[in-house]
Amino acid sequence: MVGDSLVLSLPSVSGLSSISKGKTKYHRRTVVLKGKQKESQTNHGSYLFKRLVSKFHTDLEVYLKKVKEGKAGNQHHSLGRITLKSQVISHLVFKCYLNGLSAECKRTNLGFNVGQKLQDELNFSNLKRNNPLWYKKLSTKVARRASYGFKRNLIIRAANQDLGDSWKTDLGVAARTQIGIILLEILRQSTGLFTYENRKTGRNKTTSFIVPTEETLKWIDSFNSRASELFPYYLPCKSVPPDWTSVISGGYEFPENINWHFVKRKNRQTVKDTYANEDLSLVFSAANRLQRTPFRITSRTLAVVHLGEGEENSIRDNHLRFPNGTKEWKRCQALMHSRRRKRIPQIIQNKTIRELAKDHISSDIYFPVQADFRGRLYYVPKLLNPQGPDKAKGLLEFAEGKLVRGNEHWFLIGGANRYGIKGSFEDRQEWALKHEKWIKAVASDPEQHQSFWQDSECPMEFLQWCFEFDAWMKNRISFKSHLPVKLDHTASGMQIIGLLTGDKELQRLTNLTSSDEPVDLYSELLQSIQAKIIKSGRPESVAWLSLGLNRSVIKSLTVMYMYGGTPHGMKQTVVDWYKSLPNDHFGKTVYFEIDNLLNIYHEALDDLTEAPREFMHSCQQMVKRGESLSWTSLSGFPVDNEYTKTKSTRLRTSVNREVISFHLNTPTGDLAYRKAKNAVAANIIHSYDAALLHKILSSCEYPILALHDCYGVHPVNVDELLKTCQTTICSMFTLDTPKGVCYALS
């Protein structure tokens, strides 16, 4: 009926826990969606919809053609009053049935629900077409509602209040029910998913129920039993993961049915064929180095990881106190509710991290690694990994401790880095020692001194270091540190552009030349922008300075620009920052002023160095229409800058904005020139920083973690890491002054 059966072999030991966790989450999600009458969103519901909706749509079109020709029968005349597109009708009818797929229901009840859904869609689509400006203004409020019922009621109330009753068409209860029953019968004949069963519900009363067929129920159970084993929830390993020896062998030990391979692409066989003849030994060596590094959970951080989450669980705006029932009170309640809803994903994420940490508190853990199509390495386990959010990073430390004695300066620099202190290495050491009192106070009572560590750049990571600092101060001779000192490349993208182009000024700005003090590219760029704004004399431009235009905004713009960001994307970056400000200073002229600001930004960047613009232009010139651009990185990893066009037919429902698609996004075989042109600069840069990472990791024989352009090692290994980094940069890019890259990694 719906496809061939799936065959699974037994999983190997290292992947068993991930498969088991995945099965549990799969079945739990299925049960929750069934309970919410949203079975169409389950995996088996989605599969049935994708496989059968096209056939149902074809059969429905044949029937609707008969209705228009007057051949369908007088009792079906009411169906002709539904003037929606046949794709929309088939989508709504099928989804409405699938939401209660496994349950039994009265035929008339489901028929009425289907007819009501179609009448609503007809009314709302007409309302949108006849009153476009009114509907567009209302749509922002509608989008904030969670369920279809809330959205529907909001539209009806607003339309009745503003437009009266003339906007809607009422087909009547009998007609709506009749339409729904007719369409359900077409669905039954087309799919065979259900049948009718007449049951005696009273002395002289018989009711018809819609009941899934026995074949359908057996298929659902069989599908879920097999499919649940195909969606592992990637967990840390309690033993060393198998080394990567080929693109399909390493990391977790999964059966072949699970789509697991070294390069993160959709199809296992495609990966196997693409990289079959490539020598990836250097890349595998780098990935295996990361996989072999053991970690453990920091128990003291886990005990207080909940601190700072109180605002997420309960928002108390004490300054917004108005009498209950007033408009101001309702407005405040709506605002508070909106904030809570936005924080829900963060709350769930934090809870998941805590639960994963508790499950692995008693053992060493390892993290399998994968690569993307440019060779960049990623830790695979969900959330709790060294590349995860701050709370995850603050819970992880090296399982092996190493003496700090003799390398105290790197230990202190590591703590200052976690707080977000910039400047020379000496300045960072001094900052840590000057704040000894505060750091020890945090270690003794984190809750009482939250104001200090919560203001840091990485709060949980800094809190984790405070605990170690306190222990180190009590035993400086034999203390062993488990925390990595994290050092990252200075504006790594710009740094690589400077190395590739040989631009001396950009090399200076990214600390690739001799200097006693580190240079901050983003700060210098910000100062240049500020000077140009003041020189312009425009009050509107000067207003950007009073609004707090800062380094983080300039950094975001620069990263987007050098990675091929479009003008619209860069404008949106400023818009997102502007929305976070307490007041709307510019009003309707905000987009005009943002354009002026971006013009000043580009002028300031060109004044500093024209290398980024010229590099992007030269990269984009390499992309030719109808041709695929590919190259091999310096570590031997093949990279394809290939993007294909996709084709789909899409409509959307008026209220829930559900996408109605009968042709999935399938490649057409044609190359997407614009996508390839926009992405080529970023892909070239990332392939170089990935190659640099591969070479550095392959030379390391000590515990190390990596986050693309950032490395973390014990204090005792920092000097060796810096030497390896300097040597590798010089050999890859033929740089003449190894001593000059002192702050290239800081």
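Now for a quick tour of the structure. (Residues numbered from 1 in each chain as written. Predicted model: local features only at pLDDT ≥ 70, side-chain atom pairs only at ≥ 80, totals over all residues. Heavy atoms only, no water.)

### Considerations on the packing of helix H4 (residues 107-130) against helix H6 (residues 148-163)
Where H4 meets H6, the closest approach of the two axes is 12 Å, and the angle between their N-to-C directions is 50°. The orientation of H4 with respect to H6, classified from their angle, is oblique. When the axes of H4 and H6 are compared, the crossing they make is left-handed. Of the residues in H6, those touching H4 at Gln-116, Lys-117, Asp-120, Phe-124 and Leu-127 are Tyr-148, Arg-152, Ile-155, Ile-156, Ala-159 and Leu-163. (Axes fitted to C-alpha atoms, helices over the stretch in contact; angles between N-to-C directions. Helix = DSSP H or I, 4+ residues; strand = E, 2+ residues; numbered from the N terminus. Parallel < 35°, antiparallel > 145°, perpendicular 65-115°, else oblique. Left-handed = near helix turned anticlockwise from the far one by under 90°. Contact = heavy atoms within 4.5 Å.)

### Here we look at the packing of helix H20 (residues 492-501) against helix H27 (residues 611-621)
For any two helices packed against each other, the geometry comes down to the angle between their axes and how far apart the axes lie. Their axes nearest at 10 Å, the elements H20 and H27 cross at an angle of 75°. It follows from the interaxial angle that H20 and H27 lie roughly perpendicular. On the side of H20, the interface is formed by Met-494, Ile-497, Leu-500 and Thr-501, while H27 contributes Ala-611, Pro-612 and Phe-615.

### Let's talk about a negative patch on the surface
On the surface, Glu-426, Asp-427, Glu-430, Asp-516 and Glu-517 cluster together to form a negatively charged patch. Tracing the backbone through its elements, the reader meets Glu-430 in helix H16 (residues 425-434). For Glu-430, a relative accessible area of 42% puts it in the partly exposed group. (Patch = residues over 30% accessible without salt bridge, like charges linked within 9 Å, V, L, I, M, F, W, Y side chains within 5 Å. Areas by Shrake-Rupley, 256 points an atom, 1.4 Å probe, with all protein chains shown as cover. Salt bridge = Lys/Arg side-chain N within 4 Å of Asp/Glu carboxyl O. Lys, Arg positive; Asp, Glu negative; His and termini not counted. Charge placed at Lys NZ, Arg CZ, Asp CG, Glu CD. Buried < 20%, exposed > 50% of the residue type's maximum accessible area, 1.4 Å probe, protein only.)

### Here we look at the sheet that holds strand E1 (residues 105-106)
Strand order in the open sheet made by the 3 strands is E1-E3-E2, with antiparallel pairing throughout. Each edge of the open sheet is held by one strand with a lone partner, namely E1 and strand E2 (194-202). Of the strand pairs in this sheet, E1 and strand E3 (residues 205-212) are connected by 2 bridges, and their pairing is antiparallel. Note on E3: the bridge partner recorded for Cys-105 is Ile-210. (Pairing = 2+ DSSP bridges.)

### Examining the environment of Gly-80
With respect to the helices and strands, the residue Gly-80 is situated in the loop between helix H2 (43-68) and helix H3 (86-98). With 99 residues separating them along the chain, Gly-80 and Ile-179 place their C-alpha atoms 9.4 Å apart.

### Looking at the side chain of His-57
Among the structural elements, His-57 can be located in helix H2. For His-57, a relative accessible area of 11% translates into the label buried. Of the polar contacts made by the side chain of His-57, one reaches the side chain of Ser-86; its length is 2.9 Å. (Polar contact = N/O pair within 3.5 Å; in protein donor to acceptor, adjacent residues only side chain to side chain.)

### Quick look at a positive patch on the surface
The grouping of Lys-137, Lys-141, Arg-144, Arg-145, Arg-157 and Lys-342 at the surface amounts to a positive patch. Note on placement: Lys-141 falls in helix H5 (residues 132-143). Judged by relative accessible area, which is 43%, Lys-141 ranks as partly exposed.

### A closer look at the sheet that holds strand E15 (residues 705-706)
Reading across the sheet, the 3 strands line up as E10-E16-E15 and stay open at both edges, with antiparallel pairing between neighbours. Looking at the sheet topology across the chains shown, the edges are occupied by strand E10 (485-488) and E15. As paired elements, E15 and strand E16 (residues 710-713) share 2 bridges and run antiparallel to each other. Each residue of the ladder has a partner; that of Ala-706, found in E16, is Tyr-711.

### Here's the deal with the pairing of E16
Every second residue of E16 is oriented toward a common face, with Cys-710 and Gly-712 on one face and Tyr-711 and Val-713 on the other, all of them buried. In textbook terms, the turn of a hairpin is the stretch between consecutive antiparallel strands, and for E15 and E16 this stretch comprises 3 residues, one of which, His-708, has a positive phi near 65°.

### As for the nonpolar core
Among the nonpolar cores identified, the biggest contains 149 residues, and Phe-262, Leu-377, Phe-462, Trp-465, Ile-529, Trp-544 and Tyr-601 are the most heavily contacted of them. Element by element, the count of residues in this core is highest for helix H28 (residues 673-698), at 10 residues. Non-local contacts of Trp-465, meaning those with residues more than four positions away in its chain, are made with Phe-411, Leu-412, Gly-415, Arg-418, Ala-432, Ile-439 and Leu-483. Formed by 41 residues, the second largest nonpolar core is a distinct cluster that contains Tyr-97, Leu-98, Leu-110 and Phe-223. (Core = buried A, V, L, I, M, F, W, Y, C linked by side-chain atoms within 4.5 Å.)

### Observations regarding the packing of aromatic side chains
Following the criterion strictly, the structure yields 41 aromatic pairs and no others. Seen from their ring centres, Tyr-275 and Phe-637 are 5.6 Å apart, and the 35° between their planes marks the pair as tilted. Linking Tyr-275 in the loop between helix H9 (268-274) and helix H10 (281-291) with Phe-637 in the loop between strand E11 (629-632) and strand E12 (638-641), this pair joins segments that are 362 residues apart in sequence. The residues Tyr-275 and Phe-637 share a single accessibility class, namely buried. Both rings, one in Phe-411 and one in Trp-472, keep their centres 5.4 Å apart while their planes meet at 55°; by these two values the pair is tilted. Placement of Phe-411 in helix H15 (residues 408-419) and of Trp-472 in helix H19 (residues 459-474) is noted, with a sequence separation of 61 residues between them. On the basis of relative accessibility, which here comes to 2%, the residue Phe-411 falls in the buried class. Members of the aromatic cluster, connected to one another through ring pairs, are Phe-411, Tyr-419, Trp-431, Trp-438, Phe-452, Phe-462, Trp-465, Phe-469, Trp-472 and Phe-479. The ring of Phe-49 carries Lys-95 above its face, with NZ or CZ at 4.6 Å from the centroid. The cationic tip of Arg-476 hangs over the ring face of Trp-472; the distance from NZ or CZ to the ring centre is 4.9 Å. (Phe/Tyr/Trp six-rings, centres within 6.5 Å; stacked < 30°, edge-to-face > 60°. Lys NZ or Arg CZ within 6 Å of the ring centre and 35° of its normal.)

### Digging into the pairing of E2
The sheet contact formed by E2 and E3 spans 8 bridges and is antiparallel. Among the inter-strand pairings, Glu-197 is bridged to a residue of E3, identified as Phe-209. Connecting the antiparallel pair E2 and E3 is a turn made up of 2 residues.

### Here we look at the pattern of salt bridges
It is possible for side chains bearing opposite charge to pair when their charged atoms get close. What the rule picks out here adds up to 25 salt bridges. In this structure, the salt-bridge partner of Glu-185 is Arg-188, at a minimum N-O distance of 2.8 Å. Taken together, the residues Glu-185 and Arg-188, both in helix H7 (residues 173-191) and 3 residues apart, mark about one turn of the helix. Judged by relative accessible area, Arg-188 falls into the partly exposed class, the value being 25%. The partner of Arg-508 in a salt bridge is Glu-524, and the shortest N-O contact between them spans 3.3 Å. Here Arg-508 is found in helix H21 (residues 504-509), whereas its partner Glu-524 is found in helix H22 (residues 521-536), with 16 residues between them in sequence. Judged by its relative accessible area of 25%, Glu-524 falls in the partly exposed class.

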